[in-house]
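Each chain, written out:
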Amino acid sequence: MDETACLNPFCEIEEYEVDRKEQIGLIINELKEKSLSKVLEKSKGLQSKLSRIPIHERLEVLDKVGKLWTEKLDRGEYNKLKSFLAKSTGYNTQLMELELSFVAFVLNKENIRKNLEYSFSKQIEGLHRFIEVENQESYRFVPAGPVVIISSGNSLIPPLIPTVLSITTGNFTILKPSISNYFGVVEVCRLFKEASIESETAKLMMDALTISYFTHDSDNLRYILGKAPIGVINFWGGEPARTYVSKLVSENPNHPRLLINGPLTGVAVIDESYSDENTAENLALNMVLYDQQLCSSPTRAIFIGGWRDANKFAEKVGVALNRIGKEYPSSTNESSIYTLQSVRRILQLSGSTVYASNEAENMWTLIVSKGESALENVVEPFPTFNIHNRRRFIEIIVIEGYNQLYQLVDELPINEAYSGVDKVQTVGLALPDDKMEEVSEKLTSYGVYRIVPIQDMSIRSALEPYDGVNLASFFTNTIYLRKKPIGW
Amino acid sequence: MNSSEIFDLASKSRLAHDPYVEKVWGLVNDKGLFNKSPHYLRELRKGLLRDALKYFAVHSEYYAQLFERLSINPKSAEPSDLAKLALPSDILRGDGHKQFVIKDADQNGEYFMSSGTTNKNPVKIYRSSIDLAIMIKANTDLFEYVYGDYLEPAKGVALFMAASELRYRLNFVAFVHLALESKSIQLLYGMDLKDESRDGKPWQKLEPNKDNILKFLKSKEEPKLFFTAPAGIYLMSKQFETMSITKKIIYKIASGAPPVALGRGGVIVTGGGTKGFTDLPPYDKIVELSRKHFRSKDRSGVDIPVPFMDVLGMTETLTALIDKFGVMDKVPHPLSEVFILNPKTYELMEEEGKEGVVGIFNPFVTSWLEIFYPGDIISFHRSENFYGSEFVYVRRLKLEEGWNLQRACGGTLEELMGRK
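Just so we're clear, the structure is a prediction, and the values are computed from it rather than from any experiment. (Residues numbered from 1 in each chain as written. Chains lettered and ligands numbered in written order. Predicted model: local features only at pLDDT ≥ 70, side-chain atom pairs only at ≥ 80, totals over all residues.)

Here the focus is the overall build of chain A. Counting its secondary structure elements, chain A contains 17 helices and 19 strands. For 488 residues, the compact-globule formula gives about 23 Å, and the C-alpha radius of gyration of chain A, at 24 Å, lands near that figure. On the principal axes, the C-alpha backbone points of chain A span a range of 65 × 65 × 45 Å. Evaluated residue by residue, chain A yields a buried proportion of 51% over its 488 residues. For chain A, the share of sequence-separated contacts (at least 6 apart) that also reach a separation of at least 24 residues comes to 76%. (Helix = DSSP H or I, 4+ residues; strand = E, 2+ residues; numbered from the N terminus. Rg over C-alpha atoms; globule rule 2.2 N^0.38 Å. Buried ≥ 20, exposed ≤ 12 C-beta atoms within 10 Å, placed from the backbone. Contact = placed C-beta atoms within 7 Å.)

Listed below in structure tokens is the structure:
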């Protein structure tokens, strides 16, 4: 893949200049401040045009891009990209295949429509005209941008989600993907060019999108965050980048709105009466998909029931992991094996029960601990065994009653073993019906964002907010119009 | 404590009359162990493993519960159980060792720490007086076996390129100091510890003690035993190699060297790892270079290439593994069980020549169950010696810190996250 050696900007609106840099064997051509300034000069006009186009036309363009993607994917045109992304993101090709098939879902018009409807109280026409919400009182949702998105590098989908919503809501959008997913993101966005042959709207949407990589010490990035006339900045990630970005944004005289989607994780909750093969299979699948690197991935399980039942359940999860894990082979180096094997021993010596596989391509580990987490004890001697490096590894904490459950969700972010995680995003439940409501209600007091069935913790419904926020609303300003005085 | 005080305290210890401790002490004092067959010693060690597990189960609730959890019955334990019991040395960093020391252990012992070359938080090990007494006996016997001769008391002189203060900190220095002291062999420290308040590792604050080095070089005592890190002998030899003729003459007049005459029975003993020197040549090249500038004789006074011994002694092992260059690869004390773990599964591996993770069980340690793996790669080959095998040190396990991937969901500004 010759072109992969060079991260070129995607910018169709303007002739541009770049600063050439090198990083981990790649050439990075990042957009210069001068060029960024030029494209931003055109952004207001573009936003104005785009936000007058009926929303359904914009949705059609995205749908078309999604279809083009699927056609090419089916013809095998992205096979090279698949292998490249597998290498750059560290995931296996099987998972990358799944990931590429998700692109069309992100671009699907019905999915986006649903998300917009729940973000704008079913008034999505307000995205191109005033909608009367009460007698003589109207709303109009206008772009709050230009929007800058600094996206995550976990895989291909996370940068596409906010980008699609930002463009759909009429924003001029500058996207900085990660090095690891850069080529995938650009490949998707290139399809706007193809779609624009037959559609002016597609051309307009393509012009409203600029993609460039910027190194963290880049003057061009400092310009965008700290000086440029930006309306919204959406940052996905944790420290130290989060603080770095926040400081720069706070200095920007244009006072852009800043939305940070910080690092989060998932917790699975299993009642012993639901600890069957099916639940075990579901937990195993969610552990294997994306190697627990999603904000929704279960990295802790809480088992409500007896010690013996918990161990029986762990055995079932082990059986499922043996099977599912083999379908998504992973690689582990000498250093990680040493750490993993040592951690397993320490936990076993400290009283936890350890179930594990030593299969080179599927090294899973289940730790069953009584009442509280034992994981914190291993992080001091093995600081590298942090949440970012734990793969196919979960601690099942066994508790007797539901009361302890909330404490275990609450304490997770301050547990050293979860250092770097802001809080629990997703709780995946496998509970009897009579417990579902009570547990869900109580969990709302512990900062969680999603409460879902255990089987599809990683799957997002089209109408879901993102970490407690409706992104589409965040990317817009609501203009209020009142035609008649309401009087004093 | 000096060696006499150690022996004195050990004899008065509460544990001194425990049947297991008495058995171990008796065995450690039996020099005939080095003449036994590998089979005899294997069986002896198997018996000691079972006795050790019984001893620790009796003296500590923690160990009793541990054996139960791991389904190990002390009465029928097998060497294969060592793979289950071995601790990673990283758990012994900081105060990690405390949890494994039995409550009955004497409180009047000493602590040793690793140099901190591989990790900021050093391994810290407590040694009771009994363990220290065993350390002196066992290491001296092993040293003499590899050296190939008996070190006559009060004869000869040793130079250790370390500072005397490190005797109470670094295991290797204590090994040498106490062994020589118990033999009344004069030990000179070739380095001084400067400005302890400065940050950094102790061995980075060392400066040569020229008086002691000169004293050693000029001494007519025999044998001359020169203890140093590989980097020390390499740098010294390199210095001789690159010296101008004028400087060489001046140095020769002042010290009698180069070449350095180690006399009858003279030997160079290396140990302590690379100490962070990354550009050291391979060990055989260091030996080759050093032999140009150091001379030695055998017992009858015939010139021989200067013998090199290398000590592999981690902080957490009471006794070392020692080799003699060109004569034998590394051998442990006859009572030490050295085992190799498969680097993928961490199960016992017994294939000759195959590289694996080294584990050590020292059944003669009485204050904690000393079964550990320090994170080094080693291989073994069969041998005619008492142990039936010799070990070849391959390398330290390379521990990568790993990409600190940020979630939510991934790594934004990834180069800012770096590799910590």
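There is more to say after this.
A tally of helices and strands in chain B yields 12 helices and 20 strands. Each of the 420 residues in chain B was classed as buried or not, and the buried ones make up 46%. For chain B, the proportion of contacts with a sequence separation of at least 24, taken over those separated by at least 6, is 68%.

Quick look at the domain arrangement of chain A now. Residues and elements named next belong to chain A. Annotation of chain A at the domain level lists domain 1 (2-262 + 467-482) and domain 2 (264-456). For domain 1 and domain 2, the distance between their C-alpha centres works out to 33 Å. Listed as interface residues are 10 residues of domain 1 and, on the opposing side, 14 residues of domain 2. Across the side of domain 1 that touches domain 2, the residue classes tally to 2 nonpolar, 7 polar and 1 charged. (Domains from an automatic or database assignment. Nonpolar A, V, L, I, M, F, W, Y, C, P; charged D, E, K, R; others polar.)

To continue, consider the packing of helix 11 (residues 277-288) of chain A against helix 12 (residues 307-327) of chain A. All names here are of chain A. The interhelical angle for the contact between helix 11 and helix 12, taken along N-to-C directions, is 50°, at an axis separation of 8 Å. Taken as axis vectors, helix 11 and helix 12 run oblique relative to one another. Handedness of the helix 11/helix 12 crossing: right-handed. Across the interface between the two elements, E277, A280, E281, L283, A284, L285, M287 and V288 of helix 11 pack against F313, K316, V317, A320, L321, I324 and G325 of helix 12. When grouped by side-chain class, the residues that make up the contact of helix 11 with helix 12 number 11 nonpolar, 1 polar and 3 charged. (Axes fitted to C-alpha atoms, helices over the stretch in contact; angles between N-to-C directions. Parallel < 35°, antiparallel > 145°, perpendicular 65-115°, else oblique. Left-handed = near helix turned anticlockwise from the far one by under 90°.)

All names here are of chain B. Along the chain, the position of N29 falls in the loop between helix 2 (19-28) and helix 3 (38-59). For N29, a count of 13 C-beta atoms within 10 Å translates into the label partly exposed. Along the primary structure N29 and R395 are separated by 366 residues, whereas in three dimensions their C-alpha atoms are 33 Å apart.

Right, let's talk about the sheet that holds strand 5 (residues 131-134) of chain A for a bit. Residue and element names in this part refer to chain A. Sheet architecture is open: 3 strands sit in the order 5-6-19, paired in antiparallel fashion. The open sheet has two edge strands with one neighbour each: strand 5 and strand 19 (476-482). Between one strand axis and the next, the sheet turns through 35° on average, direction left out of account. Bridge count between strand 5 and strand 6 (residues 137-143): 3 bridges; the pairing is antiparallel. Paired with E134 across the bridge in strand 6 is E137. (Pairing = 2+ DSSP bridges.)

The linkage connecting G145(A) with the following residue, P146(A), adopts the cis geometry, with an omega of 10°. Mapped onto the fold, P146(A) is located in the loop between strand 6 and strand 7 (147-150). Put simply, E222(B) and P223(B) share a cis peptide bond, and its omega is -5°. One non-glycine residue, Q292(A), lies in the positive phi region at around 65°. Within the secondary structure, Q292(A) sits in the loop between helix 11 and strand 13 (298-304).

Once that is clear, we can look at the nonpolar core. If you look at the biggest cluster of nonpolar residues, it comprises 258 residues, and the most contacted ones within it are M205(A), V269(A), F303(A), I396(A), I134(B) and F160(B). With 11 residues, helix 6 (residues 129-147) of chain B is the single largest residue contributor to this core. Each of two domains, domain 1 (2-262 + 467-482) and domain 2 (264-456) of chain A, supplies a minimum of three residues to this core. Those residues within four positions of F160(B) in sequence are excluded, and the remaining contacts are V173(B), V176(B), L187(B), Y189(B), G190(B) and F227(B). (Core = buried A, V, L, I, M, F, W, Y, C linked by C-beta atoms within 7 Å.)

This part takes up the sheet that holds strand 9 (residues 209-211) of chain A. All names here are of chain A. In spatial order, the strands read 2-9-8-7-10-11; together these 6 strands make up an open sheet with mixed pairing. The sheet is open, and its two edges are formed by strand 2 (10-11) and strand 11 (257-261), each paired on a single side. As judged from the 2 bridges shared by strand 2 and strand 9, these two strands associate in the antiparallel manner. If you follow F10 over to strand 9, its bridge partner there is I211. Against the sheet, helix 7 (residues 182-195) engages strand 2, strand 8 (173-176) and strand 9, with an angle of about 150° to strand 9.

All right, on to the packing of helix 1 (residues 33-50) of chain A against helix 8 (residues 200-207) of chain A then. All names here are of chain A. Contact geometry for helix 1 and helix 8: axes closest at 10 Å, N-to-C directions at 145°. The handedness of the crossing between helix 1 and helix 8 comes out as left-handed. Within the contact between the two elements, helix 1 uses L46, K49 and L50 and helix 8 uses L204, M205 and D207. Class assignment for the residues of the contact of helix 1 with helix 8 results in 4 nonpolar, no polar and 2 charged.

Our focus in this paragraph is the pairing of strand 3 (residues 124-127) of chain B. All names here are of chain B. Burial along strand 3 is one-sided: the face carrying I125 and R127 is buried and the face carrying K124 and Y126 is not. Here strand 2 (residues 110-113) pairs with strand 3 via 4 bridges, running antiparallel. By the bridge assignment for strand 3, F112 is matched with I125.

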